[in-house]
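Spelled out from the first residue to the last, the chains are:
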Amino acid sequence: MADFNMILEPGDYKNNSINVVVEIPTGSNHKIEWDRNKACFMLDRIEPVAFAKPCNYGFIPQTIDEDGDELDALVITEQPLTTGVYMKARVLGVMKFVDGGEVDDKIICVVEDDRNNGDAIKTLEDLPKRLIEQIEFHFNHYKDLKKPGTTKVEKFGDEKEAKEVIKAADQYTVFGRVSPSQKKLLVMTLKELGKTVAMTGDGVNDSPSINHADVGIAMGSGTSVAKEASDIVLLDDAFPSIVT
C-alpha cells in the first residue's frame, strides 16, 4: 500500500482543490484510521450502529491539525466511497469541532468532478439543511455511550475559513515511516544546508535551539512542541538520538 503522506500533497487549497484519502465510508460504524507510522489502515474500534457515519470520513495528506493527527475531511457523496481511495475534492467549508478539549476541525467537501449532479454543490448552503443537522448531531453525540459530553460542534464556517484551517495545518511537512538511516541522512543534509535541527521527546525540550529550529523531530508527546517551532516534523516514537 502506498504511503499517502509520501506520495500526496494537501492540494491546491488556495484555489479550492484538496486531496482527500477516505478512511470511513458513509454508513459505516467501523472506526478505521490511517496509521501514519505503519503506512496502513487500522480498525481502531467498532462504534454503536446508531452512530454510523453520516458521510464519508477521511484526511488531507501532509497536514497536521492541532490534535496531532492529519486534518480530517468530511466528503459528501450520494453513495459511499471506499476506504483507501483518494480524490480531488472541492472545499465547501469547515466544521469547527472540539473533542476532549482538543481542536479537531473537519473540512467539508465534495468530489471535484461530479458529473452525476453537474457539480451543483459549490457552497455549504447548497447542501440539504437536514444533512448538516445530521452531521452536527452525529459529532455532538457519537461518544455519548462511553464519554458523554466530550465532543462539541462549535459552528460551521464558510470556504474562506476552511482555507485558513487548511493553511494552518499545512505549515508542517510530515515524514512518516522513514528508516533510521534515512532520517540520519535527512538530518545531516538539512544541517549542511544550514538548517537548525531540534529534537523533542516526551514533552521535554532536548535541544536548546528548539525555539529557533527550522526542523523539529518529535517523539511521543513532544509533537506539539516541535510543531510550534518548526516547518518540518519527523514523527516516530523510535527515533534514535542522532541530533546533538
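A brief report on the enclosed structure follows.

Let's shift gears to the side chain of Thr63. Along the chain, Thr63 falls in the loop between strand E4 (56–60) and strand E5 (71–76). A distance of 2.6 Å separates the side chain of Thr63 from the backbone oxygen of Ile60, its partner in a polar contact.

Moving on, we come to helix H2 (residues 129–141). Look at H2: 18 Å from first C-alpha to last across 13 residues, which is about the 18 Å you get at 1.5 Å a residue. All of the buried residues in H2 are Leu131, Ile132, Ile135, His138, Phe139 and Asn140. Here the buried face of H2 lies against E4, E5, strand E6 (86–99), strand E8 (106–111) and strand E9 (151–157).

Turning next to a negative patch on the surface. Taken together, the side chains of Glu125, Asp126, Asp158 and Glu164 define an acidic patch exposed on the protein surface. Take Asp126: it is sitting in the loop between E8 and H2. The exposure class assigned to Asp126 is partly exposed, which follows from its relative accessible area of 38%.

So, on to the pattern of salt bridges. Applying the stated rule across the entire model yields 13 salt bridges. Put simply, Lys106 and Asp72 hold a salt bridge, and the shortest N to O gap is 2.7 Å. Note that Lys106 is positioned in strand E8 and Asp72 in strand E5, a separation of 34 residues in sequence. Of the two residues examined, Lys106 and Asp72, each falls in the buried class. Where Asp119 meets Arg90, a salt bridge forms, and the shortest distance between an N and an O atom there is 3.9 Å. Here Asp119 is found in the loop between E8 and H2, whereas its partner Arg90 is found in strand E6, with 29 residues between them in sequence. Arg90 sits in the buried class, given a relative accessible area of 11%. One salt-bridge network, held together by shared partners, links Asp44, Arg45 and Glu47.

The next point concerns the environment of Glu154. Examined against the element boundaries, Glu154 turns out to sit in strand E9. Sequence separation between Glu154 and Val98 is 56 residues; the distance between their C-alpha atoms is 7.4 Å. If sequence neighbours within four positions are ignored, Glu154 has contacts with Lys96 and Val98.

Moving on, we get to the nonpolar core. With 28 residues, the main nonpolar core has Leu74, Ile76, Met95, Ile108, Leu127, Ile135 and Phe139 as its most contacted residues. Mapped onto this core, the elements with two or more residues apiece are strand E1 (17–24), strand E2 (30–35), E4, E5, E6, E8 and H2. Broken down by element, the residue count for this core peaks at four residues, all from H2. In this structure, Leu74 is in contact with Cys55, Asn56, Tyr57, Met95, Lys106, Ile107, Ile108, Cys109, Ile135 and Phe139, ignoring residues within four places of it in sequence. Counting 18 residues, the second-largest nonpolar core is a separate cluster that includes Val75, Val91, Ile107 and Cys109.

Rules used throughout
Residues numbered from 1 in each chain as written. Predicted model: local features only at pLDDT ≥ 70, side-chain atom pairs only at ≥ 80, totals over all residues. Heavy atoms only, no water. Helix = DSSP H or I, 4+ residues; strand = E, 2+ residues; numbered from the N terminus. Polar contact = N/O pair within 3.5 Å; in protein donor to acceptor, adjacent residues only side chain to side chain. Expected span 1.5 Å × (residues − 1). Buried < 20%, exposed > 50% of the residue type's maximum accessible area, 1.4 Å probe, protein only. Contact = heavy atoms within 4.5 Å. Patch = residues over 30% accessible without salt bridge, like charges linked within 9 Å, V, L, I, M, F, W, Y side chains within 5 Å. Areas by Shrake-Rupley, 256 points an atom, 1.4 Å probe, with all protein chains shown as cover. Salt bridge = Lys/Arg side-chain N within 4 Å of Asp/Glu carboxyl O. Lys, Arg positive; Asp, Glu negative; His and termini not counted. Charge placed at Lys NZ, Arg CZ, Asp CG, Glu CD. Core = buried A, V, L, I, M, F, W, Y, C linked by side-chain atoms within 4.5 Å.

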